Amino acid sequence: TPVCFRGIMMRGSNLVRRFASTFVGHPWVMAARAPAAFAPRAFSSKTPEESDAKAQAAVTTLLEELGEDPAREGLVKTPARYVKAMRFFTQGYEQDLNTVLNKAIFTEDSDEMVMLRNIELFSMCEHHLVPFHGRAHIAYLPRGKVVGLSKLVRVTELFSRRFQVQERLTKQIATALQESLNPHGVGVVIECVHLCMAMRGVQKPHSTTVTSCMLGDFKSDARTRNEFLHLVRSAPYQHVAGPAMAEQMAFSKRTRMYDSDGVQLERSLEGHRNYDELLGGHGEETGHKKK
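Cut-offs applied
- Residues numbered from 1 in each chain as written.
- Predicted model: local features only at pLDDT ≥ 70, side-chain atom pairs only at ≥ 80, totals over all residues.
- Heavy atoms only, no water.
- Helix = DSSP H or I, 4+ residues; strand = E, 2+ residues; numbered from the N terminus.
- Polar contact = N/O pair within 3.5 Å; in protein donor to acceptor, adjacent residues only side chain to side chain.
- Contact = heavy atoms within 4.5 Å.
- Core = buried A, V, L, I, M, F, W, Y, C linked by side-chain atoms within 4.5 Å.
- Buried < 20%, exposed > 50% of the residue type's maximum accessible area, 1.4 Å probe, protein only.
- Expected span 1.5 Å × (residues − 1).
- Phe/Tyr/Trp six-rings, centres within 6.5 Å; stacked < 30°, edge-to-face > 60°.
- Salt bridge = Lys/Arg side-chain N within 4 Å of Asp/Glu carboxyl O.
- Pairing = 2+ DSSP bridges.
- Axes fitted to C-alpha atoms, helices over the stretch in contact; angles between N-to-C directions.

Draft legend 1. Layout of unusual backbone geometry. The residue asparagine 102 is not glycine, and still its phi comes out positive at about 50°. Positive phi, close to 50°, is recorded for glutamine 203, a residue that is not glycine. As for its placement among the helices and strands, glutamine 203 is situated in the loop between α8 (195-198) and β7 (209-216).

Draft legend 2. The side chain of glutamate 191, seen in detail. Considering the arrangement of structural elements, one finds glutamate 191 in strand β6 (residues 185-194). In this structure the side chain of glutamate 191 is engaged in a polar contact, spanning 2.6 Å, whose partner is the side chain of histidine 137. Apart from residues lying up to four places away in sequence, glutamate 191 is in contact with His133, Gly134, Arg135, His137, Gln166, Thr208, Thr209 and Val210.

Draft legend 3. Broad picture of the nonpolar core. Counting 29 residues, the largest nonpolar core has Tyr140, Val155, Ile173, Leu177 and Ile190 as the members making the most contacts within it. At the level of elements, α5 (97-101), β2 (114-125), β3 (131-141), β4 (145-147), α6 (149-160), α7 (166-181) and β6 are the ones that each hand at least two residues to this core. Of the residues forming this core, the biggest block, six residues, is contributed by α7. Beyond its immediate stretch of four places on either side in the chain, tyrosine 140 contacts Glu112, Met113, Val114, Lys145, Val146, Val147, Leu152, Leu181, Pro183, Gly185, Val186 and Phe218.

Draft legend 4. Spotlight on α6. Counted at 1.5 Å a residue, the expected span for α6 with its 12 residues is 16 Å, and the 17 Å between its end C-alpha atoms agrees. Three or more residues of α6 are buried, namely Lys151, Leu152, Val155, Thr156, Leu158, Phe159 and Ser160. Buried residues belonging to α6 abut α5, β2, β3, β4, β5 (163-164) and α7.

Draft legend 5. Highlighting the packing of aromatic side chains. Under the defined criterion, the tally for this structure stands at two aromatic pairs. Here phenylalanine 88 and phenylalanine 89 contribute two aromatic rings whose centre-to-centre distance is 6.4 Å and whose plane-to-plane angle is 70°, an arrangement assigned as edge-to-face. Ring centres of phenylalanine 218 and phenylalanine 228 lie 5.5 Å apart, and the angle between their planes is 90°; this geometry places the pair in the edge-to-face category. One end of the pair, phenylalanine 218, is in helix α9 (residues 217-220); the other, phenylalanine 228, is in helix α10 (residues 222-233), and 10 residues separate them in sequence. The pair phenylalanine 218 / phenylalanine 228 is uniform in exposure class, with both members buried.

Draft legend 6. Representation of the pattern of salt bridges within the structure. The final tally for this structure, using the stated rule, is six salt bridges. Arginine 135 serves as the salt-bridge partner of glutamate 191, at 3.3 Å between the closest nitrogen and oxygen. Here the residue glutamate 191 occupies a position in strand β6, and arginine 135 occupies one in strand β3, the gap between them amounting to 56 residues. Given a relative accessible area of 19%, glutamate 191 falls into the buried group.

Draft legend 7. Representation of the sheet that holds β7 in the model. With mixed pairing, the five strands of this open sheet are ordered in space as β5-β2-β3-β6-β7. Looking at the sheet topology across the chains shown, the edges are occupied by β5 and β7. One ladder, built from nine bridges, connects β2 with β3; its direction is antiparallel. Counted as the bridge partner of leucine 121 is glycine 134 from β3. α7 contacts β2, β3, β5, β6 and β7 of the sheet and is inclined by roughly 155° relative to β6.

Below is the structure:
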């Protein structure tokens, strides 16, 4: 048994080394590490066709080393599909910040906070090449210049569609806006669920990672920072419309907000009554008188 175990471990180590060596020095990896990540990527291969062929060969090797048969029906086109998907997941490398902003910076006599909440984002963990996803909240204090609101989304996409760590992603978005707009300050908060923690390792699917980057007045002025963080905390988790909104409103009529040790939560009316009776009145309704 020990000999068999050592054999499995050695095979696993060889697999990791072979697959990793395929991408050492590849622009996908190098651009993610580069300090100035604003420039489009350049492929190591001379042509896109050559690049696709090399990448697909690497995926085929990976499937073989995992004990699969790349020639079987369900996997024949998997290398091509995977490469195409990875190109899409990392398309941010091919985008340029100035092109994304597209002259959408306008002169405006405004110095009040501008904030866009709940920007949905998807990115790829560079450590395990699996997704992490969540939402970003971005705010800035204009210094005579404002940017089109959709550009805040596009800047987020530019940096999230890469191999990333959430800490760097947060800082890149904030730095890009600070350098492009020269505002009084920029604040960025990102909340994400990482599948590398949910599907493997500690396997905690409900854990959320929160990162922030404060620049300018958001860092030096506590009142500005607190206003921003208050607006982040009050952001609804999602927006719904049509039948979904009607269903949500109908559900909200059957629920009550209550305060538990300073934390406001929501329960169904029946669940709230059971909770209140169980704890002897510990669960106090917020904004509703107890009967």
